[in-house]
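# Coordinate inspection notes
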Amino acid sequence: MGRLVLSCRSLAQPGVPLDEPSEWRFPEPVLFTLPKAPQTAPSAEFLPEGRLTGPLGPGAAGYNVRLHLHRGLAHIRQPARPPAPSRPMSHSHRLPKDARFETRAIHAGQGADPNNGAVMTPVYLTSTYAQKAPAVTMEGYEYSRTSNPTRTALEENLASLETGNWGLCFASGLASTNALMDRLVPGDHVVAGNDLYGGTYRMFTKVFERYGIEFSFVDTTDPTKIAEAMKKETKYVYIETPSNPLLNLTDIAKAAEIAHAGDAQLVVDNTFATPYLQRPLELGADIVLHSLSKYLGGHSDLIGGALIGRDEKTREELAFYQNAVGGCLAPLDAFLVLRGTKTLGVRMDRHCANAKAVAEALAEHEFVDRVIYPGLPDHPQLMVAQAQMSQPGGMVSFELKGGVDAANAFASTTQIFTLAESLGGVESLVEVPPSMTHASIPAEIRRAAGLADGLVRLSVGIEHSDDLVADVHQALSQAAKVAGVTA
Ligand code: PLP
């Protein structure tokens, strides 16, 4: 009779591969000998032909050795550890239905990777996906312009934050707007706010008007102006609230009512507020638009855009243009936005607190003509702000007594506020919109909408508020000197 000795180490150490090959062939039945009982003895199980000598105890945690002997063939198998109570890998599927915003920001759309448990959503840097058979995909992915797992995670995350049913991510905020406009045909009409981001205005007037789409730019802070501009061809009412850079607010619920009465969809650019402060879908909007390049990314390190909504037919049409036109978000940028949304709540609380401190400091300063901040008592739509936003946001605009020269001097002498376009990053930025972000709007149209040539816009970051206020004070003194005023 042959004899097989199993080493203690082989048997006693969970997870350590057996020392010997896991299969032996013998001419005859074999006597198995277990040497000295390991501390945590394995359990063993034999087919009738086998025999066992040596002690047997309860299975060591997670480790069983199963010995099979059949017609002279000995198999030693190390089955998997006893299964732990199983938990689904995707947190999204386990999130309680009533999980709050901050919890959803961190978990929605994301879960441990089912292949290896990676807690952070991997950056799926792949353009294509292996298929099981022609046109039979493994997980529905075939080409990354159409869809990519990192982008899917972000799309689900944003849908959850805006309380929508779907999200679609694009290469920029403007690529999102472009996808919306791709649905229109010549003769269609859009009612749009008259102080939109300059790039949006440029796209409407320089690109889509050429294709026969008609736009009416109106003061959407007054709902009657929206209603008066509606036509039977109107397909969208398109608003920014707060608007860029005048921080005008539009009553979203009223705008939705007017749009729907005319069979149009309400699109809300929610870039300035973010879903942490305002959720337009809950107020009746049909589609929310974001420049992800701003607060949602939050670190000024990417360009991206998103559309979020509830209606499935709208999603299908927009997903068609996302794929057919191709302005989709790259996986690495999707990953960066996912990292940004995790801290959105804490960042926005700080942006808002700092913006309030800066706005109040400006309002008290004699060299400042006008401060626009939806949290100040003199903001013209204060009631709307209080009704539809949980806090007034991180953006502040103002005009100085010295006009455009003083504005340029202020923007050139800040030390912590960086003179740069864009907004919504952790760092504070200053700009003069008429010559920078809104230069693409003709001067007479800008002025008619109330955008003075000397307007200064601040994106208040999350540095210490005392440092920011001190920086504003020193830059005001410099600007006053340029204007020949002592301040
Ligand atoms: N919407 C608003 C309110 C913006 O401020 C901007 C850009 O500044 C955009 C849309 C366009 O976004 P992006 O620059 O990501 O294309």
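To keep things clear, this report deals only with the structure shown in the data block. (Residues numbered from 1 in each chain as written. Predicted model: local features only at pLDDT ≥ 70, side-chain atom pairs only at ≥ 80, totals over all residues.)

One full turn of an α-helix is made of 3.6 residues, so residues set three or four places apart face in the same direction. Spanning 13 residues, helix H4 (residues 149–161) covers 18 Å between terminal C-alpha atoms, matching the ideal 18 Å at 1.5 Å per step. Most of H4 sits inside the fold, with ten of its 13 residues counted as buried. Regarding H4, the residues found buried are Thr150, Arg151, Ala153, Leu154, Glu155, Asn157, Leu158, Ala159, Ser160 and Leu161. Contacts from the buried residues of H4 go to helix H3 (101–107), strand S9 (166–170), helix H9 (274–277), strand S15 (305–309) and helix H11 (331–342). At the C-terminal side of H4, Thr163 shows a positive phi close to 50°. (Helix = DSSP H or I, 4+ residues; strand = E, 2+ residues; numbered from the N terminus. Expected span 1.5 Å × (residues − 1). Buried ≥ 20, exposed ≤ 12 C-beta atoms within 10 Å, placed from the backbone. Contact = placed C-beta atoms within 7 Å.)

Every one of the 15 residues lining the ligand counts as a neighbour, but Ser172, Gly173, Leu174, Tyr197 and Ser291 are closest to it. Taken together, the elements giving at least two residues each to the shell around the ligand come down to helix H5 (173–182) and helix H6 (198–208). The residue inventory of the shell around the ligand, partitioned by class, reads four nonpolar, nine polar and two charged. (Near = placed C-beta within 6 Å. Nonpolar A, V, L, I, M, F, W, Y, C, P; charged D, E, K, R; others polar.)

Among the secondary structure elements, Leu289 is positioned in strand S14 (residues 287–291). Taking C-alpha positions, Leu289 is 6.6 Å from Ile308, a pair spaced 19 residues apart along the chain. Aside from chain neighbours lying at most four places away, what touches Leu289 is Ser176, Thr177, Val267, Val268, Asp269, Asn270 and Leu307.

Our focus in this paragraph is helix H8 (residues 252–261). Listing the buried residues of H8 in full gives Ile252, Ala255, Ala256, Ile258 and Ala259. On an axial view of H8, the arc spanned by its buried residues comes to 165°, and they lie on one face. Close packing links the buried residues of H8 with helix H7 (223–229), strand S12 (234–240), strand S13 (265–269) and helix H13 (382–388). Asp263 lies just past H8 and shows a positive phi near 60°. (Arc of directions from axis to C-beta.)

One open sheet holds the seven strands; their spatial order is S9-S15-S14-S13-S12-S10-S11, and the pairing between them is mixed. One side of each edge strand has no neighbouring strand; the edge strands of this open sheet are S9 and strand S11 (214–218). This sheet shows a mean twist of 20° between the axes of neighbouring strands, independent of strand direction. Here S12 runs beside S13; their pairing, made up of five bridges, is parallel. Residue pairing in the sheet places Val237 in a bridge with Leu266 of S13. Strands in contact with H4 are S9 and S15; relative to S9, the strand with the most contacts, it is inclined by about 125°. (Pairing = 2+ DSSP bridges. Axes fitted to C-alpha atoms, helices over the stretch in contact; angles between N-to-C directions.)

Taken residue by residue, a regular strand's side chains alternate between the two faces of the sheet. Across the six residues that make up strand S17 (residues 395–400), a large majority, five, are buried. In terms of strand pairing, strand S16 (residues 368–372) meets S17 through four bridges, oriented antiparallel. Residue pairing in the sheet places Ile372 in a bridge with Ser397 of S17.

So, on to the environment of Gly327. Within the secondary structure layout, Gly327 lies in the loop between helix H10 (312–325) and H11. Those residues in contact with Gly327 that sit more than four places away from it in its chain are Phe170, Ala171, Ala175, Asn178 and Ala179.

Viewed as axis vectors pointing N to C, H5 and H6 meet at an angle of 40°, and their least axial separation amounts to 10 Å. Between H5 and H6, the angle is such that the two are oblique. Seen along the crossing, H5 lies across H6 with a hand that is right-handed. Across the interface between the two elements, Leu174, Thr177, Asn178 and Met181 of H5 pack against Gly199, Thr200, Met203 and Phe208 of H6. In terms of residue class, the contact of H5 with H6 is made up of four nonpolar, four polar and no charged. (Parallel < 35°, antiparallel > 145°, perpendicular 65-115°, else oblique. Left-handed = near helix turned anticlockwise from the far one by under 90°.)

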